[in-house]
Amino acid sequence: MKWFSLKILSVGIVFLAWALPSLCDAVEKVTPSDVFAQAVQITEEIEILKKHFNVTGSVEVEEVKSNLKPRHVWQETYDILVKINILREKSGLPIIAVNSLEPVKEINPVLVYEQTRRILLELEIVKFRLDIKEQRGKLKKFAGKTPSDVFNKINYISHHLDLINGASFTPSFVFAQSMRVLEDVVTIINALDIKDDTIPPTKNKAAKPADTFHTGFTLLEGIQRLQRKAGIEPTDFSHLKAEKITPTEVFDLAEMMLAELQVVKAHIGLKHAMTPPAKHYEGKVPGDVQQIFGWALRKMKLIKSLY
């Protein structure tokens, strides 16, 4: 009997030794086209939810032409999970924790694929709790898609979730992200052993989202200056500049800052320095967000180079 059990075990080990490389190969072969196919599935789920909530409106979403990277798409999926929390709260359900990712220099498309699968699962759970029976169609295949294509699809989903929720991000949501940006900057400064005696700038109580966006974009440019010094290719974020700036545009800007800070953290070896989850805030105004961006900018200016 023992001999039989050992034989089964040895066969199992041999099978795993053969199968694991194949599984790893399959993971490595995940492409932006595969991720795009999942994003299309999410779009179908959003349409089912719109039908359930009698949402008949639509929204024009301008497509981004920049050459975005998988890290920017991953960060955009964060927005979706936050908005699913808004939907859960609206539906009387408890909110979920939104995940973070350890800093890496380059995000493999499979990590974005994982995020789209999480989103689909969370939407399936919401449908189950709301007793929605309608199911999405079969998975379609696509070819030749880029990370920018996926980003545009995710961005489309984000805007249509706003229609379902009846609202988008408030300054309090944006403030939570600005605090995450600040904490990442502090983590980098501490790792570089830089003395920091900065204080927050005076709060501008009359600040509008456009003012906050301007300060935030200056901070993003500061992050990119550091990247250039470290030999990291910067990304063109001119698409973020819109004629009308609302808290949503500022939130998206904060997300791109976080994406770029992950590359900086990875560059200096902070592999396990994950950005902490967003905390809950209430009653925040654009001036609060601008103040945090301004403080992070002051800290960023202390960094002269990256090792």
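Described below are features of the structure shown in this document. None of the values given here were measured: they were computed from a predicted structure.

## Examining the packing of aromatic side chains
Line of reasoning, step 1. A complete count under the given rule lists 5 aromatic pairs for this structure.
Line of reasoning, step 2. Consider the rings of Phe169 and Phe251, whose centres lie 3.6 Å apart with planes at 10°: the pair is stacked. With Phe169 in the loop between helix 5 (147–165) and helix 6 (171–191) and Phe251 in helix 8 (residues 247–267), the pair connects residues that are 82 residues apart, well separated along the chain. Accessibility classification places Phe169 together with Phe251 in one group, the buried group.
Line of reasoning, step 3. Lys90 extends its terminal NZ or CZ atom over the ring of Phe53, reaching a point 4.7 Å from the ring centre.
Line of reasoning, step 4. For the cation-ring pair, Lys145 lies above Phe36, with the distance from its terminal atom to the ring centre recorded as 4.5 Å.

## Details of the environment of Lys90
Line of reasoning, step 1. Within the secondary structure layout, Lys90 lies in helix 3 (residues 70–90).
Line of reasoning, step 2. Taking C-alpha positions, Lys90 is 25 Å from Pro276, a pair spaced 186 residues apart along the chain.
Line of reasoning, step 3. The contact partners of Lys90, leaving out residues within four places of it in the chain, are Phe53, Ile164 and Asn165.
Line of reasoning, step 4. A polar side-chain atom of Lys90 sits 2.4 Å from the main-chain carbonyl oxygen of Ile164.

## Regarding the environment of Gln262
Line of reasoning, step 1. Along the chain, Gln262 turns up in helix 8.
Line of reasoning, step 2. Judged by its relative accessible area of 12%, Gln262 falls in the buried class.
Line of reasoning, step 3. Taking C-alpha positions, Gln262 is 14 Å from Gly222, a pair spaced 40 residues apart along the chain.
Line of reasoning, step 4. Excluding residues within four positions of it along the chain, Gln262 makes contact with Leu101, Pro103, Val104, Asp184 and Thr275.
Line of reasoning, step 5. Side-chain polar atoms of Gln262 contact the backbone oxygen of Leu258, separated by 2.8 Å.
Line of reasoning, step 6. At 3.0 Å, the side chain of Gln262 and the side chain of Thr275 are in polar contact.

## Things to note about the packing of helix 3 against helix 4 (residues 109–129)
Line of reasoning, step 1. Two elements in contact, helix 3 and helix 4, have axes whose closest approach is 9 Å; the angle formed by their N-to-C orientations is 10°. On the basis of their axis angle, the class for helix 3 and helix 4 is roughly parallel. Taken as a pair, helix 3 and helix 4 cross one another with a handedness that is left-handed. Together, Pro70, Val73, Trp74, Thr77, Tyr78, Ile80, Leu81, Ile84, Leu87 and Arg88 of helix 3 and Leu111, Val112, Gln115, Ile119, Glu122, Leu123, Ile125 and Val126 of helix 4 make up the contact between the two elements.
Line of reasoning, step 2. Partitioned by chemical class, the residues of the contact of helix 3 with helix 4 number 14 nonpolar, 2 polar and 2 charged.

## Things to note about the nonpolar core
Line of reasoning, step 1. Counting residues in each nonpolar core, the largest one holds 78 residues, and the members touching the most others are Ile84, Leu219, Leu240, Met257, Met300, Ile303 and Leu306.
Line of reasoning, step 2. For this core, the leading source of residues is helix 8, giving 10 residues.
Line of reasoning, step 3. The contact partners of Met257, leaving out residues within four places of it in the chain, are Val181, Gly216, Leu219, Leu220, Ile223 and Phe293.

## Brief notes about helix 9 (residues 286–300)
Line of reasoning, step 1. Here helix 9 spans 21 Å end to end across 15 residues, near enough to the 21 Å set by a 1.5 Å rise per residue.
Line of reasoning, step 2. Across the 15 residues that make up helix 9, a large majority, 12, are buried.
Line of reasoning, step 3. Looking at the packing, one finds that the buried side of helix 9 touches helix 6, helix 7 (209–229) and helix 8.

## Quick notes on the side chain of Ser172
Line of reasoning, step 1. Looking at the element boundaries, Ser172 is found in helix 6.
Line of reasoning, step 2. The exposure class of Ser172 is buried, given its relative accessible area of 11%.
Line of reasoning, step 3. The residues contacting Ser172, other than those within four sequence positions of it, are Tyr281, Glu282, Gly283 and Lys284.

## Quick notes on the packing of helix 3 against helix 6
Line of reasoning, step 1. Between helix 3 and helix 6, the shortest axis-to-axis distance is 13 Å and the interhelical angle comes to 140°. As judged from the angle between their axes, helix 3 and helix 6 are oblique. Handedness of the crossing formed by helix 3 with helix 6: right-handed. Counting all contacts with helix 3, which are made through Gln75, Tyr78, Val82 and Ile86, the residues of helix 6 involved are Phe173, Gln177 and Arg180.
Line of reasoning, step 2. Within the contact of helix 3 with helix 6, the residues separate by chemical class into 4 nonpolar, 2 polar and 1 charged.

Conventions and cut-offs
Residues numbered from 1 in each chain as written. Predicted model: local features only at pLDDT ≥ 70, side-chain atom pairs only at ≥ 80, totals over all residues. Heavy atoms only, no water. Phe/Tyr/Trp six-rings, centres within 6.5 Å; stacked < 30°, edge-to-face > 60°. Helix = DSSP H or I, 4+ residues; strand = E, 2+ residues; numbered from the N terminus. Buried < 20%, exposed > 50% of the residue type's maximum accessible area, 1.4 Å probe, protein only. Lys NZ or Arg CZ within 6 Å of the ring centre and 35° of its normal. Contact = heavy atoms within 4.5 Å. Polar contact = N/O pair within 3.5 Å; in protein donor to acceptor, adjacent residues only side chain to side chain. Axes fitted to C-alpha atoms, helices over the stretch in contact; angles between N-to-C directions. Parallel < 35°, antiparallel > 145°, perpendicular 65-115°, else oblique. Left-handed = near helix turned anticlockwise from the far one by under 90°. Nonpolar A, V, L, I, M, F, W, Y, C, P; charged D, E, K, R; others polar. Core = buried A, V, L, I, M, F, W, Y, C linked by side-chain atoms within 4.5 Å. Expected span 1.5 Å × (residues − 1).

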